[in-house]
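This is what each chain is made of:
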Amino acid sequence: MGKRTQFIKGQGVRFVSVGIGMFVGVGVVLLLWAVDDDPLPVGILMAIIAVVLVIGLAATVVGLLIARSVFGDRVEVALRRAGERKWRHGRLELAPGRLTFTPYRWQMRFVSGDPLDFEVREVGADTGRRPSPTQSLTVNPALHLVDVETDQGTLELGVQAHQVDDLRGRLQPTRASS
């Protein structure tokens, strides 16, 4: 089964933004050149545009590659123990039958605290449950809630809709044949 991941993640977005900004910059340069009373010679203008486009393209490619390698297949989630009200935000590193949760501070990507390891016993189905509207200031109300039975009790994971099937497939414990 092939892994499908979101291609642009985290820090790579900064590089992609630089690349897009440079392409927009070329448009502005062309616009200013067209309305200027004493424009630059065409050869110099084309050289400037070529350099800006090459740098912008390189920044975009580097951003995509860095995002893919640095963030890999981690899944960002909201997590809480069943029955608790408070959500903790962080990222998961997944393996069949195991998950490692690394908490974030303030719903941002600042790692805060030691990773928590859980042995997964069973992964529940996506039943369409969502966080309550009263919690919309602390957790995204569009997240899908998935129950996960672990060695430390039941966890509720709030994940984006497009990540649910991937999460369930990668977390499902392998069954030993007897």
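Use the structure listed above.
Fair warning: this is a prediction, and the values are worked out from it, not measured in the lab. The numbers attached to residues start from 1 for each chain and follow its sequence in the written order. Confidence filtering applies because this is a predicted model: local features only for residues at pLDDT of at least 70, side-chain atom pairs given and counted only at 80 or more, and all residues used for totals across whole chains, interfaces and linings. Just so you know, side-chain values use all the structure's heavy atoms and leave hydrogens and water out.

Explain a nonpolar patch on the surface to me, please; I cannot follow it from the model alone.
Candidates for patches are residues over 30% relative accessible area with no salt bridge; among them, like charges are joined within 9 Å and nonpolar side chains (Val, Leu, Ile, Met, Phe, Trp, Tyr) within 5 Å. Accessibility throughout is a Shrake-Rupley quantity obtained with a 1.4 Å probe, and a residue counts as covered only by protein chains that appear here. Only one rule defines a salt bridge in this text: a Lys or Arg side-chain nitrogen within 4 Å of an Asp or Glu carboxyl oxygen. A contiguous nonpolar patch, built from Ile20, Val24, Val28, Leu31, Leu32 and Val35 and spanning about 580 Å² of accessible area, is present on the exposed surface. The topology assignment puts valine 28 in helix 1 (residues 12-35). Numbering of helices and strands runs from the N terminus; a helix is a DSSP stretch of H or I covering at least four residues, while a strand is a stretch of E covering at least two.

Help me understand the pairing of strand 7 (residues 153-159), please; the structure alone is not making it clear to me.
The two faces of the sheet receive side chains in turn, since in a regular strand these alternate between them. Residue exposure (1.4 Å probe, protein chains only): buried if accessible area is under 20% of the type maximum, exposed if over 50%, otherwise partly exposed. Among the seven residues in strand 7, five count as buried, and that is most of the element. Whether two strands pair comes down to DSSP finding at least two bridges between them. Where strand 1 (residues 75-81) meets strand 7, four bridges bridge the pair, whose relative direction is antiparallel. Its bridge partner lying in strand 7, alanine 78 is registered against glycine 158. Sheet topology places strand 6 (residues 144-150) next to strand 7; seven bridges connect them, and they run antiparallel. Its bridge partner lying in strand 7, aspartate 147 is registered against glutamate 156. Taking the residues that link successive antiparallel strands as the turn, the strand 6-strand 7 hairpin has two residues.

I'm lost on the environment of glutamate 122 in this one. Help?
Structurally, glutamate 122 is set in strand 5 (residues 116-123). Exposure remark for glutamate 122: the relative accessible area of 45% places this residue in the partly exposed category. Sequence-wise, glutamate 122 and valine 148 are 26 residues apart; in three dimensions their C-alpha atoms are separated by 5.9 Å. Apart from residues lying up to four places away in sequence, glutamate 122 is in contact with Asp147, Val148, Glu149, Gln172 and Pro173. Contacts are residue-level and defined by heavy atoms, with any inter-residue pair within 4.5 Å sufficient.

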